[in-house]
Amino acid sequence: MARAVTTRRKTITTIVAWAIGILIFFPILWTILTSFKTEAEAIADPPSFLFFNWTLENYTLVQERSNYFRFLMNSVILSVGSTLLGIIIAVPAAWAMAFVPGRRTKDVLLWMLSTKMLPAVGVLFPIVLIARTLNIYDSYILLIMVLMLINLPIIVWMLYTYFREIPGEILEAARMDGAGMREEILHVLTPMALPGIASTVLLNIILAWNEAFWTLNLTTVKAAPLTAFIASYSSPEGLFYAKLSAASTMAIAPILILGWFSQKQLVRGLTFGAVK
Amino acid sequence: MTAETRALMGACAVAAFAATGALAQDTTITIATVNNGDMIRMQGLTDEFTAEHPDIAVEWVTLEENVLRQRVTTDISTSGGQFDVMTIGTYEVPIWGAQGWLQPLDDMPDDWDADDLLPAIRGGLTVDGTLYAAPFYGESSMVMYRTDLMEAAGLEMPDAPTWDFIKEAAAAMTDTDNEVYGICLRGKAGWGENMAFLTAMSNSFGARWFDEDWAPQFDTEAWANTVNFYLDLMNNYGPPGAANNGFNENLALFQQGKCGMWIDATVAASFVTNPADSTVADSVGFALAPDNGLGKRGNWLWAWSLAVPAGTDAEEAAKTFVAWATSKGYTELVAETEGWANVPPGTRQSLYDNPAYQEAAPFAAMTLESINAADPTNPTVDPVPYTGVQFVAIPEFQGLGTQVGQEFSAALAGQQSAEEALESAQALAEEEMEAAGYR
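Here, residues in each chain are numbered from 1, in the same order as that chain's written sequence. Starting at A for chains and at 1 for ligands, labels are handed out in the order in which the entities are written. Owing to the predicted nature of the model, reporting of local features is limited to residues with pLDDT of at least 70; listing and counting of side-chain atom pairs is limited to 80 or more, with chain, interface and lining totals taken over all residues.

Visitor: Can you help me understand the overall build of chain A in this one?
Guide: In terms of regular secondary structure, chain A is built from 14 helices and 0 strands. Per the convention used, a helix needs a DSSP run of H or I reaching at least four residues, while a strand needs a run of E reaching at least two, with both numbered from the N terminus. What you see in chain A, going N to C, is helices and strands ordered as α-α-α-α-α-α-α-α-α-α-α-α-α-α. Projected onto the principal axes, the alpha-carbon positions of chain A cover approximately 70 × 65 × 30 Å. Per-residue burial for chain A yields a buried fraction of 33% across its 276 residues. Working definition of a contact: two residues with C-beta atoms, positioned from the backbone, lying within 7 Å. Excluding contacts between residues fewer than 6 apart, the proportion of contacts in chain A whose partners are at least 24 apart in sequence is 80%. Neighbour counting defines burial: a residue surrounded by 20 or more other C-beta atoms within 10 Å of its own C-beta is buried, one with 12 or fewer is exposed, and intermediate counts give partly exposed, using backbone-placed C-beta atoms.

Visitor: What exactly am I supposed to notice about the overall build of chain B here?
Guide: Within chain B, the regular secondary structure consists of 19 helices and 10 strands. Values of the radius of gyration come from C-alpha atoms, whereas the globule rule sets the reference at 2.2 Å times the count of residues to the power 0.38. In terms of overall size, chain B behaves like a compact globule, its C-alpha atoms giving a radius of gyration of 24 Å where 439 residues would be expected to give roughly 22 Å. For chain B, the C-alpha atoms occupy an extent of roughly 90 × 55 × 40 Å along the three principal directions. A total of 439 residues make up chain B; the buried ones form 51% of that total. The long-range share in chain B, meaning contacts at least 24 apart out of those at least 6 apart in sequence, stands at 73%.

Visitor: Would you mind going over the interface of chain B and chain A with me for this structure?
Guide: By convention, interface size is frequently given as the accessible area that disappears when the constituent parts associate. Counting residues at the interface gives 25 residues for chain B, matched by 24 residues for chain A. Counting only elements with at least two residues in the side of chain B that touches chain A, the list comes to strand E2 (56-63), helix H4 (65-77) and helix H11 (247-255) of chain B. In the scheme used here, Gly and all other residues not listed as nonpolar or charged are polar, with Ala, Val, Leu, Ile, Met, Phe, Trp, Tyr, Cys and Pro taken as nonpolar and Asp, Glu, Lys and Arg as charged. Here the residues of the side of chain B that touches chain A are counted per class, giving 9 nonpolar, 11 polar and 5 charged.

Visitor: Is there a simple way to explain the nonpolar core in this structure?
Guide: Grouped burial of nonpolar side chains is what soluble globular proteins tend to show. One finds Ala94 and Leu159 of chain A together with Val85, Ala133, Met144, Ile183 and Met261 of chain B to be the most contacted residues of the largest nonpolar core, which totals 193 residues. A total of 15 residues in this core trace back to one element, the largest contributor, which is helix H7 (residues 140-165) of chain A. Counting contributing residues per domain, this core is built from domain 1 (27-132 + 302-360) and domain 2 (141-300 + 386-435) of chain B, each supplying no fewer than three. Residues within four places of methionine 261 of chain B in sequence aside, it is in contact with Val143, Met144, Tyr145, Ile166, Ala169, Ala170, Gly182 and Ile183 of chain B. A set of buried residues qualifies as a nonpolar core if it consists of Ala, Val, Leu, Ile, Met, Phe, Trp, Tyr and Cys joined through C-beta atoms within 7 Å. All domain edges in this entry derive from an automatic or database-based domain assignment.

Visitor: Sorry, what's going on with the environment of tyrosine 352 of chain B here?
Guide: Residues and elements named next belong to chain B. Turning to its location among the elements, tyrosine 352 is positioned in helix H15 (residues 349-353). Spatially, the C-alpha atom of tyrosine 352 lies 6.9 Å from that of alanine 364, the residues being 12 residues apart in sequence. Apart from residues no more than four positions distant in its own chain, tyrosine 352 is found in contact with Tyr357, Ala364 and Leu368.

Visitor: When you look at the packing of helix H18 (residues 397-412) of chain B against helix H19 (residues 418-435) of chain B in this model, what are you seeing that I'm missing?
Guide: Two quantities define a packed helix pair, namely the angle between the axes and the distance from one axis to the other. Residues and elements named next belong to chain B. Here the axes come from fitting lines to C-alpha atoms, over the contacting stretch only for helices, and the angles between their N-to-C directions go from 0 to 180 degrees. Where H18 meets H19, the axes come as close as 8 Å, and the angle between the chain directions of the two elements is 170°. One finds that H18 runs roughly antiparallel with respect to H19. Only Ala418, Ala421, Ser424, Ala425, Leu428, Ala429 and Glu432 of H19 make contact with H18, whose side of the interface consists of Leu400, Gln403, Val404, Glu407, Phe408, Ala410 and Ala411. Its residues assigned to classes, the contact of H18 with H19 comprises 10 nonpolar, 2 polar and 2 charged. In these notes the angle categories are as follows: under 35 degrees is roughly parallel, over 145 is roughly antiparallel, 65 to 115 is roughly perpendicular, and the rest is oblique.

Visitor: It is not clear to me how the domain arrangement of chain B should be interpreted in this structure. Could you clarify?
Guide: Residue and element names in this part refer to chain B. Partitioning chain B into structural domains gives domain 1 (27-132 + 302-360) and domain 2 (141-300 + 386-435). Look at where the C-alpha atoms of domain 1 and domain 2 centre, and you get two points 29 Å apart. Here the side of domain 1 that touches domain 2 is built from residues that sort into 5 nonpolar, 1 polar and no charged.

Visitor: Mind showing me how you'd approach the environment of threonine 273 of chain B here?
Guide: Residue and element names in this part refer to chain B. Residue placement: threonine 273 occurs in the loop between helix H12 (268-272) and strand E9 (284-288). In sequence terms threonine 273 and leucine 118 are 155 residues apart; their C-alpha atoms lie 25 Å from each other. In this structure threonine 273 touches Ser278, Ala281, Val284 and Pro362, once residues within four positions along its chain are discounted.

Visitor: Can you help me understand the confidence of the model for chain B in this one?
Guide: Do not read the fine detail of predicted coordinates wherever pLDDT is low. pLDDT is a per-residue confidence score from the predictor, ranging from 0 to 100. On average, residues of chain B carry a pLDDT of 92, and 94% of them reach 70 or more. Scored below 50 in pLDDT, residues 16-25 of chain B shows 0 contacts in the model against residues more than four places distant or in partner chains.

Visitor: How should I be thinking about the pairing of strand E10 (residues 301-307) of chain B in this particular structure?
Guide: The two faces of a sheet get side chains in turn, since along a regular strand they alternate between them. All names here are of chain B. Of all 7 residues in E10, 7 are buried; the element is thus mostly enclosed. Of the two faces of E10, both are covered, the one formed by Leu301, Ala303, Ser305 and Ala307 as well as the one formed by Trp302, Trp304 and Leu306. Of the strand pairs in this sheet, strand E3 (residues 85-88) and E10 are connected by 3 bridges, and their pairing is antiparallel. Along E10, the bridge assignment pairs isoleucine 88 with serine 305. Criterion used throughout: strands pair if DSSP finds at least two bridges between them. Sheet topology places strand E6 (residues 134-146) next to E10; 6 bridges connect them, and they run antiparallel. Each residue of the ladder has a partner; that of serine 140, found in E10, is leucine 301.

Visitor: Please clarify how the packing of helix H4 (residues 68-99) of chain A against helix H9 (residues 181-192) of chain A should be interpreted in this entry.
Guide: All names here are of chain A. Viewed as axis vectors pointing N to C, H4 and H9 meet at an angle of 80°, and their least axial separation amounts to 12 Å. Comparing their axes, H9 and H4 come out roughly perpendicular. Of the residues in H9, those touching H4 at Val91, Pro92 and Trp95 are Ile185, Leu189 and Thr190. Looking at side-chain class alone, the contact of H4 with H9 contains 5 nonpolar, 1 polar and no charged residues.

Visitor: What's the story with unusual backbone geometry in this structure? I'm lost.
Guide: Outside of glycine, negative phi angles account for most residues, and trans bonds account for most peptide bonds. All names here are of chain B. Of note in the backbone geometry, serine 79 takes a positive phi value of approximately 50° without being a glycine. Within the secondary structure, serine 79 is located in the loop between H4 and E3. The backbone of glutamate 179 shows a phi angle near 55°, a positive value even though the residue is not glycine.

Visitor: Is there a simple way to explain H18 of chain B in this structure?
Guide: Along an α-helix, a turn takes 3.6 residues, which lines up residues three or four apart on a common side. Residue and element names in this part refer to chain B. What a helix is expected to span follows from its residue count: subtract one and scale by 1.5 Å. Compared with the 22 Å implied by 1.5 Å per residue over 16 residues, the 22 Å span of H18 between its first and last C-alpha is a close match. Listed as buried for H18 are Phe397, Leu400, Gly401, Val404, Gly405, Glu407, Phe408, Ser409, Ala411 and Leu412. For H18, the secondary structure elements touched by its buried residues are helix H9 (194-204), helix H10 (221-237) and H19. Residue glycine 414 follows H18 closely and has a positive phi angle near 85°.

Visitor: Teacher, can you tell me more about the environment of glutamine 406 of chain B here?
Guide: All names here are of chain B. Assignment of secondary structure puts glutamine 406 in helix H18. With 19 C-beta atoms packed within 10 Å, glutamine 406 lands in the partly exposed category. Each C-alpha atom of the pair glutamine 406 and alanine 243 lies 9.6 Å from the other, and the pair is 163 residues apart in sequence.

Visitor: Would you take a moment to explain the pairing of strand E1 (residues 27-34) of chain B for this structure?
Guide: Residue and element names in this part refer to chain B. Burial analysis of E1 places 6 of its 8 residues in the buried class, which makes it a mostly covered element. Where E1 and E2 come together, 8 bridges link them in parallel fashion. Bridge assignment links isoleucine 31 to a residue of E2, and that residue is tryptophan 60. In this structure, E1 lies alongside E3, joined through 2 bridges in parallel fashion. Across the sheet, residue alanine 32 finds its bridge partner in E3, namely methionine 86.

As structure tokens, then:
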């Protein structure tokens, strides 16, 4: 039963939500503003919020110095590639766990998640050595595999949660009509779970886009994505905050836009299954 | 064999030939470097190099210093072969050179003139008489101070001040109501952050990290004096929140006119005297890092250098690049395109003998004197088993230095006393040295 919500309460909730939203967005907004300042204005104390000499100089310099579009293309290839590969592997896995659970399914799910608790640097050397032996260092295939593997537990978990919402009877009915396992997953389950799959894809593209440990350590030139692009503008000896901010803004802009347009699916995906 | 298999094999063969052809035409070298002004300038001049050497193509990988260090360390220790030239510092060169991870640079061309390199810098990059890296730019640390505030305080900065004078001047210049602090020093934890400063400072107080048997020395009076003096200076005359300040934060404070004195890298001199960024550009003076009359000054020595890893498959091309970028000719090229004030400093005597450079860089003499005052092979008052002025050139130092740095940073933030910080530092160092098998 829906509870009556008073106007006052609604106002308070709205204000709190906006306050939290602005608080979380402020660092990003500040980065964007700084990217339009000169280096001297970027460190000015007290800082100026809007009334400074807006300049595009930093963007020009960044574009002159690095090939932004090459990094951007690499980011797109790695994040989309790893997510799609992950989905192909995770759909059958999540199907098995949701519809034909065994005695240890819950343990397997938890074990999968536990791999996320391992500090990444702990397996850096083994992976570097494998990459060297297979001669795939600094290649798309290596990065796509690694990014897929680190995000796979999340993909399986999310899909598992969505699949559990789908009544098993529908799949049974499909089987009665003579559908094999392949048809059942491809033609019955997948279309029904499409909104869930879509939000899983979106979230994992964002996670892969932002991944900065492996993409920095396993790439040199050919496969380096935007994380390497940002890292090249951070300097311990010299104040290049405005240029760093311009590089950061260019790196986050595509994903920010994607997130903005898909926020409905994202929110739905993240809260799906939370309320029973 | 089916038609498809034949076609596939044919395609592979063509691809293989094409790949060999491409290799024969061109050698591509990949250079890993940091995002410091001098390196960015070098990157900008790549075309000049490729014009002279059309058979060599150059790819740049620019990374933040700590990321770069992690990246090249992984690469070199696994013979990954991803980089043909690496930008590394005086900390890595002695360790990696001794490990056989770097190509010796004994066979540089004659006109490269190794004897022109500053002896202190050259010594820091040499292992058992062999040079393993070519210095690109060198730096020491010195006192940068506001001449106007000094004058107003009725004091005169000597060329070689003592720590007591620094304290007296800091007290006289501090004006907290106007947000002017007598002294700005590093407080941010890290082996290359606050520990670079404190280790160099401790040398002038007669302290050392280890005795000749690798026994940690944080329980000595010399270290207690160092840390207490530092905390006293910073707590009374330093800016608020100093425990978070590194080079960049202090540079920003100094440029905004909020520091009376700042003891840090000599490379900062060109930033604080640049009127485009600094509000105090016309009133900055320089002096040697302070001492206590014990024969060692509190200044460090660092050289960002270019080295060729042992695992490279383009050794000749890599060495050609290193020789070009660290030559006298490169200095002249930068002077022509960007002006003498922007040439990479601190590596060659010939630069400091050049009147054009002396005129363009008012801080040149002090930089040279600071670099010459540091001796990485004999850094402390009492003898030590290690090299390095502001670091200990052993692989364990990165981790240990940062942990000890966290203790001193916490003491500066007021979370613990100097005694507690020193006790923890001693315990950490003892544990590490025992675990690593030094004792």
